[in-house]
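Below, each chain spelled out in residue letters.
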Amino acid sequence: MEEFDSELAHLLADLQGLPMYDFGWGSITPFTFWMFISVVVVFLTIWYLKKKISFIPKFGFETVVEAGVDFVRREVGETLFGAHSAEHMPYLCTVFFFILIGNAMGLIPGAKSATGTMSVTLVLSGSSFLYFNYAGVKHSGFWHYIISIAPAGLPPGVNVMVWAIEVFSMTMRIVSLAIRLFANMFAGHLAMGVFALLATTYFTPLLHSVTSETIINGAVSGVLLVILMAVYAAEILVAFIQAYVFTLLSGVYIQLATSEH
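Residues numbered from 1 in each chain as written. Predicted model: local features only at pLDDT ≥ 70, side-chain atom pairs only at ≥ 80, totals over all residues. Heavy atoms only, no water.

> Where do I start with the overall build of the protein chain in this structure?
A count of helical and extended segments in the protein chain gives eight helices and two strands. For the protein chain, the α and β elements follow one another from N to C terminus as α-β-β-α-α-α-α-α-α-α. Looking at the protein chain as a whole, 36% of its 261 residues are labelled buried. In the protein chain, the proportion of contacts linking residues at least 24 apart, taken out of those at least 6 apart, comes to 71%. Per element, the accessible surface of the protein chain, about 15200 Å² overall, is 73% carbon and sulfur. (Helix = DSSP H or I, 4+ residues; strand = E, 2+ residues; numbered from the N terminus. Buried < 20%, exposed > 50% of the residue type's maximum accessible area, 1.4 Å probe, protein only. Contact = heavy atoms within 4.5 Å. Areas by Shrake-Rupley, 256 points an atom, 1.4 Å probe, with all protein chains shown as cover.)

> Explain helix 4 (residues 89–105) here, please?
Its 17 residues give helix 4 an end-to-end C-alpha distance of 24 Å, which sits within 8% of 24 Å, the value for a rise of 1.5 Å per residue. For helix 4, a buried count of 13 out of 17 residues is recorded, marking the element as mostly surrounded by other parts of the structure. (Expected span 1.5 Å × (residues − 1).)

> Please explain the pattern of salt bridges as it appears in this structure.
Two side chains of opposite charge can pair, provided their charged atoms sit close to one another. Tallying each qualifying case throughout the model produces five salt bridges. In this structure, Arg73 engages Asp70 in a salt bridge whose closest nitrogen and oxygen atoms are separated by 2.1 Å. Of this pair, Arg73 and Asp70 are both found in helix 3 (residues 61–81), three residues apart, which corresponds to roughly one turn of the helix. Relative accessible area serves as the criterion here: at 29%, Arg73 is assigned to the partly exposed category. Judged by relative accessible area, which is 26%, Asp70 ranks as partly exposed. (Salt bridge = Lys/Arg side-chain N within 4 Å of Asp/Glu carboxyl O.)

> Honestly, the packing of aromatic side chains in this entry has me stumped. Any pointers?
Under the defined criterion, the tally for this structure stands at 12 aromatic pairs. Ring centres of Phe132 and Tyr253 lie 5.7 Å apart, and the angle between their planes is 55°; on these two criteria the pair is classed as tilted. Of this pair, Phe132 sits in helix 5 (residues 118–140) while Tyr253 sits in helix 8 (residues 212–258); the two residues are 121 residues apart in sequence, bridging distant segments of the chain. Classification of Phe132 by relative accessible area gives buried; the value is 2%. Ring pairs connect the aromatic residues Phe71, Phe96, Phe97, Phe240 and Tyr244, which therefore count as one cluster. (Phe/Tyr/Trp six-rings, centres within 6.5 Å; stacked < 30°, edge-to-face > 60°.)

> When you look at the layout of surface pockets in this model, what are you seeing that I'm missing?
Unfilled space is identified by rolling a water-sized probe across the atoms. Reported here for the largest pocket is a volume of approximately 780 Å³. Lining the largest pocket are 26 residues; nearest its centre among them are Thr45, Leu49, Val65, Val69 and Phe97. Tallied by class, residues from the lining of the largest pocket come to 19 nonpolar, three polar and four charged. (1 Å grid on protein atoms, 1.4 Å probe; cavity = no way out; pocket = protein on both sides within 12 Å on 5 of 7 lines; lining within 4 Å. Points joined across faces, edges and corners; volume = space filled by probe spheres on them. Nonpolar A, V, L, I, M, F, W, Y, C, P; charged D, E, K, R; others polar.)

> Would you mind going over the environment of Ile216 with me for this structure?
Following the sequence through the fold, Ile216 ends up in helix 8. Given a relative accessible area of 54%, Ile216 falls into the exposed group. C-alpha of Ile216 to C-alpha of Tyr202: the two residues are 14 residues apart in sequence and 8.9 Å apart in space.

> Sorry if this is basic, but what is going on with the side chain of Ser128 here?
Tracing the sequence through the fold places Ser128 in helix 5. Side-chain polar atoms of Ser128 contact the side chain of Tyr91, separated by 2.7 Å. Ignoring anything within four residues of it in the chain, the contact list for Ser128 reads Tyr91, Leu177, Phe246 and Ser250. (Polar contact = N/O pair within 3.5 Å; in protein donor to acceptor, adjacent residues only side chain to side chain.)

> Any chance you could explain a nonpolar patch on the surface here in plain terms?
A contiguous nonpolar patch, built from Phe168, Met172, Val175 and Ile179 and spanning about 350 Å² of accessible area, is present on the exposed surface. When you line up the elements, Met172 lands in helix 7 (residues 158–208). (Patch = residues over 30% accessible without salt bridge, like charges linked within 9 Å, V, L, I, M, F, W, Y side chains within 5 Å.)

> Explain the nonpolar core here, please?
Across soluble globular proteins, nonpolar side chains have a tendency to be buried as a group. Core analysis: the biggest nonpolar cluster contains 39 residues, and Val72, Leu92, Ile99, Leu124, Phe132, Phe246 and Ile254 have the highest contact counts within it. At the level of elements, helix 2 (30–52), helix 3, helix 4, helix 5, helix 7 and helix 8 are the ones that each hand at least two residues to this core. Residue contacts for Phe132: discarding those within four places in its chain leaves Tyr145, Met170, Arg173, Tyr253, Ile254 and Ala257. (Core = buried A, V, L, I, M, F, W, Y, C linked by side-chain atoms within 4.5 Å.)

> Would you mind showing me how to read the packing of helix 5 against helix 7 here?
The packing of two helices is summarised by the inter-axis angle and the distance between the axes. Between helix 5 and helix 7, the least distance of the axes is 8 Å, while the angle of their chain directions is 140°. With respect to helix 7, the axis of helix 5 lies oblique. Remark: the crossing between helix 5 and helix 7 carries right-handed chirality. Along its contact with helix 5, which presents Met118, Thr121, Leu122, Leu124, Ser125, Gly126, Ser128, Phe129, Phe132 and Asn133, the element helix 7 presents Met170, Thr171, Arg173, Ile174, Leu177, Ala178, Ile179, Leu181 and Phe182. Here the contact of helix 5 with helix 7 is composed, by residue class, of 12 nonpolar, six polar and one charged. (Axes fitted to C-alpha atoms, helices over the stretch in contact; angles between N-to-C directions. Parallel < 35°, antiparallel > 145°, perpendicular 65-115°, else oblique. Left-handed = near helix turned anticlockwise from the far one by under 90°.)

See the structure below:
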């Protein structure tokens, strides 16, 4: 059990992002490294599709990506913006595919999910905050958008208080978006790590000696391994769902900012 506690402490430290290299003025962590890998994959995907795009349906990698774009267009763009969905599709697709690829990276043995660290999810939520405010200003004009944050028709004095509350609530979207994505990815990776450690802990004694106790422990290890595989399969679904939820909420905030108050 002491060995398990030691390995668990190492797992928690690893999930926090141990520095890979210290530059003196800062350091790079595995999460930062895999974040850049995710960015490169997104840009390479776009570059590849620009050369392969055609009006004739194809099968293969292009079909998968086009299905993802079509999913975002139908389920987020057209649902929230109708005929004006094309205006916001570049941002929504970029966020969706970056988060999806970042989430999926964490399922590769030895890799890290960029969205498994709060700093990355804060930047993502911050970009959505800046974008929906930009969209609101572009749609309504700066002063009209600022004033419209508070509902119209409120008595003097009350409108200022409500406006301040609404601004605070709007700003908190940065935190809520970031925590929602980070917590789901961190919890999934922690669960997989714990089940993997438990399965190893119960199975290792069987390698040294075969007794009734070690055989039972080996059977327990087998059950834990099955659970681990189930959690891993669930995390594949979670990777997609969290990308969709973040994109959908970003779209909702854009729709609220650009609607008539």
